[in-house]
Amino acid sequence: MLTPTTQYNKLSIIMTSKPMQTSKDNQNLDMPALTIDGLIEAQVAFMQQWLRTQAEPLSMQAWQWFAAQPLNKYVSADDLQQLINDWLLNQPMTDVIRKDIRDILHTIIYHPVNDNVPLSELVDDTQVQTLANYVGSHDQQRNILIHTLVGNETFADLLTQTLYHAINDFMETTLDKAGAAGKLMKFGRSSFEKATNRNLDEKLQAYLHRNIKDLARRAEANAQEHLSNDEVARLLITGWARIKDQPVSHLQTYLRDEPDNSSIDHIEASIQQSYNRLRQSPYLHSLVAASIDTWYGNHQSDTIATVVSSLHIDERAMTQFSTALLPIVHDAIESEWLTAHIREMLQAFYEQPNIKEGLALNAQ
């Protein structure tokens, strides 16, 4: 690197040397001397032109140098932790980004292409086969599945209510059509409830509930005993086979797309609520810190090139990226702000006392 003194000495040699004058030199004797301001403007123009022609090779050389540096030379685990905390966890997602997420989800879910794409294009048959085999070959998962399908209490309660309403409607309809006998039966029912201080409807519901739950438990135990792993897997595969040829747009039937009742808005809001709760919890911060320590421990000695290669960023990708950025670089080189900074730097250089003194002596 040239020091100001070295630069000054070279400049002195150039400005003080007096080569033999030619006829062409004699013609230029009347030209005005180059002023400092003129010299600065000429250097500014030269530097801009030089940077324009060297922008592409300079960017690649910069990348090659940077890629060869080890990660731990410039980045520590604490730096990564602070970056993720300050930039991601400690900041809520902005309303602009949330709106973009909702709009993009809406575009994806309701895109016309979904009418012509089957669900099997999203999930491969081999994936379903693998999942079915996994569930079927693990007793605990198999029993959970059977309990969900057969022994679910919510299902038993729903079935109880359904049977109760069916029996009650049948009885009411039958008694209304029975004439005098029906009125007598209704009177008997009323007398029974007064005498026993119990509501017949409640007793009927309790009877159904008790027996249906008992039947559900028996069915679940019987299924867990006799339903083999292969049969469980077959049930999953058969269920998938029934829906895999339906278009992706079939999922829209489970969503609402009204201005004041949008399923996408509800889903996004629910995700945001969970995210905002988790990102502030010590639990998530502990997991993030442990994850960063694990990743950094695996890669701290790697070069930058090795680290980013996992993202398929190599010299070819950087060449394409550099080429795409060249218009921006050229505009920046020719911008007023960069020109002003270069001019200010050169003015500061020539304002140095030793440079000013040297130039003044050489001008004599």
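Along each chain, residue indices are assigned from 1 in the same order as the chain's sequence is written. pLDDT decides what is reported in this predicted model: residues at 70 or higher carry local features, side-chain atom pairs at 80 or more are listed and counted, and totals for whole chains, interfaces and linings draw on all residues regardless. With hydrogens and water set aside, each side-chain value is computed from the structure's full complement of heavy atoms.

(A) Here's a closer look at the overall build of the chain. Runs of H or I in DSSP of at least four residues are treated as helices and runs of E of at least two as strands, each being numbered from the N terminus. Assigned secondary structure in the chain consists of 17 helices and two strands. By definition in these notes, contact holds between two residues if any of their heavy atoms fall within 4.5 Å. For the chain, the share of sequence-separated contacts (at least 6 apart) that also reach a separation of at least 24 residues comes to 84%. What sets the accessible areas is the Shrake-Rupley method with a 1.4 Å probe; for residues, cover comes only from the shown protein chains. Accessible area for the chain stands at about 26,300 Å²; split by element, carbon and sulfur atoms hold 60% of it.

(B) Local environment of the side chain of Glu268. Residue position: Glu268 is located in helix H12 (residues 263-279). To sort residues, take the accessible area from a 1.4 Å probe on protein chains only and compare it with the maximum for the residue type: under 20% means buried, over 50% means exposed, and anything in between is partly exposed. Judged by relative accessible area, Glu268 falls into the buried class, the value being 4%. Those residues in contact with Glu268, other than ones at most four positions away along the chain, are Arg98, Ile101 and Arg102.

(C) Representation of the pattern of salt bridges. Here, a salt bridge means any side-chain nitrogen of Lys or Arg that lies within 4 Å of a carboxyl oxygen of Asp or Glu. All told, the structure shown has nine salt bridges when counted by the stated rule. Across the pair Glu334 and Arg52 runs a salt bridge, and its minimum N-O distance is 3.3 Å. With Glu334 in the loop between helix H15 (315-333) and helix H16 (336-350) and Arg52 in helix H3 (residues 36-67), the pair connects residues that are 282 residues apart, well separated along the chain. Classification of Glu334 by relative accessible area gives partly exposed; the value is 46%. What you see here is one network of salt bridges that share partners, running through Arg98, Arg102, Asp265 and Glu268.

(D) Region of the structure containing the nonpolar core. Within the largest apolar cluster, eleven residues are counted, these being Leu39, Ile40, Val44, Ile333, Leu338, Ile342, Leu346, Phe349, Tyr350, Ile355 and Leu359. Those elements that provide at least two residues to this core are H3, H16 and helix H17 (353-363). It is H16 that contributes the most residues to this core, five residues altogether. Joining through side-chain atoms within 4.5 Å is the link that ties buried Ala, Val, Leu, Ile, Met, Phe, Trp, Tyr and Cys residues into a set, and such a set is a nonpolar core. Within the second largest apolar cluster, ten residues are counted, among which are Met60, Ala67, Val308 and Met318.

(E) View of the packing of helix H6 (residues 125-136) against helix H7 (residues 139-149). Orientation is described by lines fitted to C-alpha atoms, with helices fitted over the stretch in contact, and by angles between N-to-C directions that extend from 0 to 180 degrees. Across the interface, H6 lies against H7 with an axial gap of 6 Å and an inter-helix angle of 100°. As the angle between them shows, H6 and H7 are arranged roughly perpendicular. For the pair H6 and H7, the contacting residues are Tyr134, Val135 and Gly136 in the first and Gln141, Arg142 and Leu145 in the second. Each residue belonging to the contact of H6 with H7 can be placed in one class, and the counts come to three nonpolar, two polar and one charged. Throughout this description, any angle smaller than 35 degrees is read as roughly parallel, any larger than 145 degrees as roughly antiparallel, any in the 65 to 115 degree range as roughly perpendicular, and the remainder as oblique. Under the scheme applied here, ten amino acids are nonpolar (Ala, Val, Leu, Ile, Met, Phe, Trp, Tyr, Cys and Pro), four are charged (Asp, Glu, Lys and Arg), and all others, including Gly, are polar.

(F) Quick look at the packing of aromatic side chains. Two aromatic rings from Phe, Tyr or Trp, using only the six-membered ring of Trp, form a pair when their centres are within 6.5 Å; if the ring planes differ by under 30 degrees the pair is stacked, by over 60 it is edge-to-face, and anything between is tilted. Applying the stated criterion across every chain, the model contains two aromatic pairs. Taken together, a centroid distance of 5.0 Å and an interplanar angle of 80° make the contact between Phe349 and Tyr350 edge-to-face. Each member of the pair Phe349 and Tyr350 is classed as buried.

(G) Highlighting a nonpolar patch on the surface. There is a patch of nonpolar side chains on the surface, built from Phe46, Trp50 and Leu58 and spanning about 320 Å² of accessible area. Assignment of secondary structure puts Phe46 in helix H3. Judged by relative accessible area, which is 56%, Phe46 ranks as exposed. Patch membership requires over 30% relative accessible area and the absence of a salt bridge. Like charges are linked within 9 Å, and nonpolar side chains (Val, Leu, Ile, Met, Phe, Trp, Tyr) within 5 Å.

(H) Structural detail: H16. Take the number of residues in a helix, subtract one, and multiply by 1.5 Å to get its expected span. The terminal C-alpha atoms of H16 lie 21 Å apart, and with 15 residues this matches the ideal 21 Å at 1.5 Å per residue to within 8%. Every buried residue of H16 is accounted for by Leu338, Thr339, Ile342, Leu346, Phe349 and Tyr350. Down the axis of H16, the buried side of the element spans an arc of 110°, and every buried residue falls inside it. Away from its buried face, by an angle of more than 90 degrees, H16 presents the exposed residues Glu336, Trp337 and Glu344. In this description, the arc belongs to the directions extending from the helix axis to the C-beta atoms.

(I) Molecular detail of helix H11 (residues 229-243). In this model H11 runs 22 Å from its N-terminal to its C-terminal C-alpha over 15 residues, within 8% of the 21 Å that 1.5 Å per residue would give. Each element contacted by the buried residues of H11 is listed here: H6 and H7.

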